[in-house]
Amino acid sequence: MTNSVNMLLALYCLTAVVQGCGFPPIAKAISQWYSKSERGGWYSLWNTSHNVGGALAPLIASAVIAYTGNWRYAFYVPAAITAVQAVIAAILMRGKPENYGLPNVGEWRNDTKQLEINKRSEAGLSMWVMFKRYILTNPIIWLAIGGDLCIYVIRTVTNDWVSVYFVKELGWDLVKSNSLVAWFEAGGILGGLTSGIISDKFFGADRWKTILIYSFVLIAGMVGVVFTIHIDYMLVALCFFIIGAGIYAPQMLFALGIIEASHADGAGAATGLKGGVTYIGAALAGAPIAMIETAYSWSGVFTLLAAIAVTLVVLTCVIIRVDSKRLPM
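Residue positions are given per chain, counted from 1 along the sequence in the order it is written. Given that this is a predicted model, residues contribute local features only at a pLDDT of at least 70 and side-chain atom pairs are listed and counted only at 80 or more, while totals for whole chains, interfaces and linings are drawn from all residues. To get the side-chain values, all heavy atoms of the structure are used, and hydrogens and water are removed first.

Asker: Pulling in residues and values, what's your account of the overall build of the protein chain?
Answerer: In this text, helices come from DSSP runs of H or I with a minimum length of four residues, and strands from runs of E with a minimum of two, each type numbered from the N-terminal end. Each helix and strand counted, the protein chain has 13 helices and zero strands in total. Moving toward the C terminus, one meets the helices and strands of the protein chain in the order α-α-α-α-α-α-α-α-α-α-α-α-α. Based on C-alpha atoms, the radius of gyration is set beside the globule rule, defined as 2.2 Å times the residue count to the power 0.38. Here the protein chain has a C-alpha radius of gyration of 21 Å; the compact-globule value for 329 residues is 20 Å, and the two agree. Summarising the internal contacts of the protein chain: among those between residues at least 6 apart in sequence, 77% fall at separations of at least 24. For the accessible areas, the method is Shrake-Rupley and the probe is 1.4 Å, while residue cover comes only from the protein chains on display. Only carbon and sulfur atoms are counted for the fraction: they give 70% of the accessible area of the protein chain, which is about 17,300 Å². The contact criterion used throughout is that any non-hydrogen atoms of two residues lie within 4.5 Å.

Asker: Hey, could you go over the nonpolar core for me, with residue numbers and the actual values?
Answerer: Here the nonpolar core consists of buried residues drawn from Ala, Val, Leu, Ile, Met, Phe, Trp, Tyr and Cys, with membership extended through side-chain atoms lying within 4.5 Å. Under the scheme applied here, a residue whose accessible area is under 20% of the maximum for its type counts as buried, over 50% as exposed, and between as partly exposed, the area being computed with a 1.4 Å probe on protein chains only. Core analysis: the biggest nonpolar cluster contains 60 residues, and Tyr43, Phe166, Leu180, Leu218, Phe240, Ile247 and Phe254 have the highest contact counts within it. Per-element accounting of this core gives the leading share, 15 residues, to helix H11 (residues 233-261). Ignoring any residue separated from it by four or fewer positions in sequence, one finds Leu180 in contact with Val162, Phe166, Trp172, Tyr233, Val236, Ala237 and Phe240.

Asker: Can you lay out helix H7 (residues 127-136) for me, pointing to particular residues and giving the numbers?
Answerer: Within H7, burial applies to Met130, Phe131, Tyr134 and Ile135. Projection of H7 onto a plane perpendicular to its axis shows the buried side chains occupying an angular sector of 105°, all on one side. Along the arc lie the directions from the helix axis toward the C-beta atoms.

Asker: I'd like a description of the packing of helix H8 (residues 139-168) against H11, backed by residues and values.
Answerer: With their axes 9 Å apart at the nearest point, H8 and H11 run at an angle of 155° to one another. With respect to H11, the element H8 is oriented roughly antiparallel. As H8 runs across H11, the sense of the crossing is left-handed. Along the lines of polarity and charge, the residues of the contact of H8 with H11 split into 17 nonpolar, five polar and two charged. Between N-to-C directions, angles span 0 to 180 degrees; the directions come from axes that are lines fitted to C-alpha atoms, helices contributing only their stretch in contact. The labels follow the angle: roughly parallel below 35 degrees, roughly antiparallel above 145, roughly perpendicular from 65 to 115, and oblique for the rest. Left-handed describes a crossing whose near helix is turned anticlockwise from the far helix by less than a right angle; the clockwise case is right-handed. When residues are sorted by character, Ala, Val, Leu, Ile, Met, Phe, Trp, Tyr, Cys and Pro go into the nonpolar class, Asp, Glu, Lys and Arg into the charged class, and all the rest, Gly among them, into the polar class.

Asker: Tell me about the packing of aromatic side chains, residues and numbers included.
Answerer: Each aromatic ring pair is summarised here by two numbers: the centre-to-centre distance and the angle between the ring planes. Pairing of aromatic rings covers Phe, Tyr and Trp, the last through its six-membered ring, and needs centres within 6.5 Å; plane angles under 30 degrees mean stacked, over 60 mean edge-to-face, and all others mean tilted. In this structure the tally under the stated criterion is seven aromatic pairs. Both rings, one in Tyr73 and one in Tyr76, keep their centres 5.4 Å apart while their planes meet at 80°; by these two values the pair is edge-to-face. With Tyr73 and Tyr76 both in helix H4 (residues 73-92) and three residues apart, the pair spans about one turn of that helix. Note on geometry: a ring has a charge over it if NZ (lysine) or CZ (arginine) is within 6 Å of the ring centre and within 35 degrees of the ring normal. Its guanidinium or amino end placed over the ring of Tyr152, Arg155 lies 5.4 Å from that ring's centre, counting from NZ or CZ.

Asker: Tell me about the packing of helix H2 (residues 23-33) against helix H3 (residues 36-68), residues and numbers included.
Answerer: Put simply, H2 and H3 touch, their axes get as near as 10 Å, and they point 155° apart. With respect to their mutual orientation, H2 and H3 come out roughly antiparallel. Taken as a pair, H2 and H3 cross one another with a handedness that is right-handed. Contacts from Phe23, Ile26, Ala27, Ile30, Ser31 and Trp33 of H2 reach H3 at Glu38, Arg39, Tyr43, Trp46 and His50. Taken together, the residues of the contact of H2 with H3 break down into seven nonpolar, two polar and two charged.

Asker: Account for H11, naming residues and giving values.
Answerer: Expected helix span is computed as 1.5 Å times (number of residues minus one). Across its 29 residues, H11 extends 42 Å between first and last C-alpha, which sits within 8% of the 42 Å expected from 1.5 Å per residue. The buried fraction of H11 amounts to 23 of the 29 residues, a majority that puts the element mostly inside the structure. For the purposes of these results, a polar contact is taken to be a pair of N or O atoms within 3.5 Å, where, inside protein, one atom must be able to donate a hydrogen and its partner to accept one; residues adjacent in sequence count only when each atom of the pair is a side-chain atom. Two to three positions downstream of the cap, the backbone nitrogen of Met234 sits 3.1 Å from a side-chain oxygen, assigning the N-cap of H11 to Asp232.

Asker: If you had to explain the environment of Ile197 to someone new, which residues and values would you point to?
Answerer: The residue Ile197 is located in helix H9 (residues 174-202) in this model. Linking Ile197 and Ala63, residues 134 residues apart in sequence, is a C-alpha distance of 35 Å. The residues touching Ile197, leaving out its near neighbours within four places in the chain, are Gly40, Gly41 and Ser44.

Asker: Account for the environment of Pro250, with residues named and values stated.
Answerer: Note that Pro250 resides in helix H11. For the pair Pro250 and Ala90, spaced 160 residues apart in the sequence, the C-alpha separation amounts to 29 Å. The contact partners of Pro250, leaving out residues within four places of it in the chain, are Ile151, Ile211, Tyr214 and Ala245.

Asker: Break down unusual backbone geometry for me, citing the residues and quoting the values.
Answerer: Within the chain, Ala205 stands out as a residue other than glycine whose phi angle is a positive 65°. Structurally, Ala205 can be placed in the loop between H9 and helix H10 (207-228). The class of Ala205 is buried, set by a relative accessible area of 3%.

Asker: Give me the side chain of Arg207: which residues, what numbers.
Answerer: Along the chain, Arg207 turns up in helix H10. Non-local contacts of Arg207, meaning those with residues more than four positions away in its chain, are made with Lys36, Arg39, Gly40, Gly196, Ser199, Asp200, Leu253, Leu256, Gly257 and Glu260.

Asker: Before we move on, can you summarise a nonpolar patch on the surface with the specific residues and values?
Answerer: Patches here: salt-bridge-free residues with over 30% relative accessible area, like charges joined within 9 Å, nonpolar side chains (Val, Leu, Ile, Met, Phe, Trp, Tyr) joined within 5 Å. Only one rule defines a salt bridge in this text: a Lys or Arg side-chain nitrogen within 4 Å of an Asp or Glu carboxyl oxygen. A contiguous nonpolar patch, built from Leu8, Tyr12, Ile65, Trp71, Tyr73, Phe75 and Tyr76 and spanning about 780 Å² of accessible area, is present on the exposed surface. Elements with a minimum of two residues in the nonpolar patch: helix H1 (2-20) and H4. The greatest single-element share of the nonpolar patch, amounting to three residues, is contributed by H4. Assignment of secondary structure puts Tyr12 in helix H1.

It is worth stressing that arrangement in space is one thing and function is another; only the former is reported here.
And the structure:
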């Protein structure tokens, strides 16, 4: 029995590792083929795949189990879909435009902001030197990773603990409580889809100021839940919709901002570092939250989430200040 459990845990860890490898190369491709002034909109569109996939996964799993009567197909069918998508991506995806005799996207679009990134990105560096000089020692990237860590904790707690709280503490039925997650994901689609476009069109591709706005949207949603939780289901659902928008927008923009704060060719390495660190946030939302709830009740959990939201705002303000003082390299 122990060996089976250990094998299962090892396979789940391997699955997580493999899934984590998908984000950086796609982020790098987007950064190479779209310039800074337009990248937010395209990145937003791509980022909705998280929400769409999250919504389709349980539907597909439930359907194949119902059709086959075998729970194993809930793993086989998504794996087959993923394999087909991987083959299509391997065939159709391309490296940077310069590899095919095309101009750099910043030059082609005459995008001054992208050209500034290109100008400060020293050519001819080894991967390690580039990683150390432009990513590992870059304060903006580490501040952004800290902000994204805050987002991941709040997001994971919202996803994983909502049904526990509403069923255990308020006596809601499971369907009603889980429906809040659907509202949360729907808000995430709207927030993720609009945030990049808003940052492009209204803030001159400034990701950090846009994150600050959505951080206050997140806090507004959290405060709204506190005041409506005992009043009306639809008001609570609306607040979860707002929270979803306030979480997925900064999550998307932090990744995009980290890409643009690093070397022009360092998108994959920068987002890889971000992903490796911020998934700690998902881990922190598991057993540690359970320990806090046991020791300090749910009021302790809510106080912690409020402190994390305030920390998110503070970190974003610091990023804005540091970024404004950066001199062209």
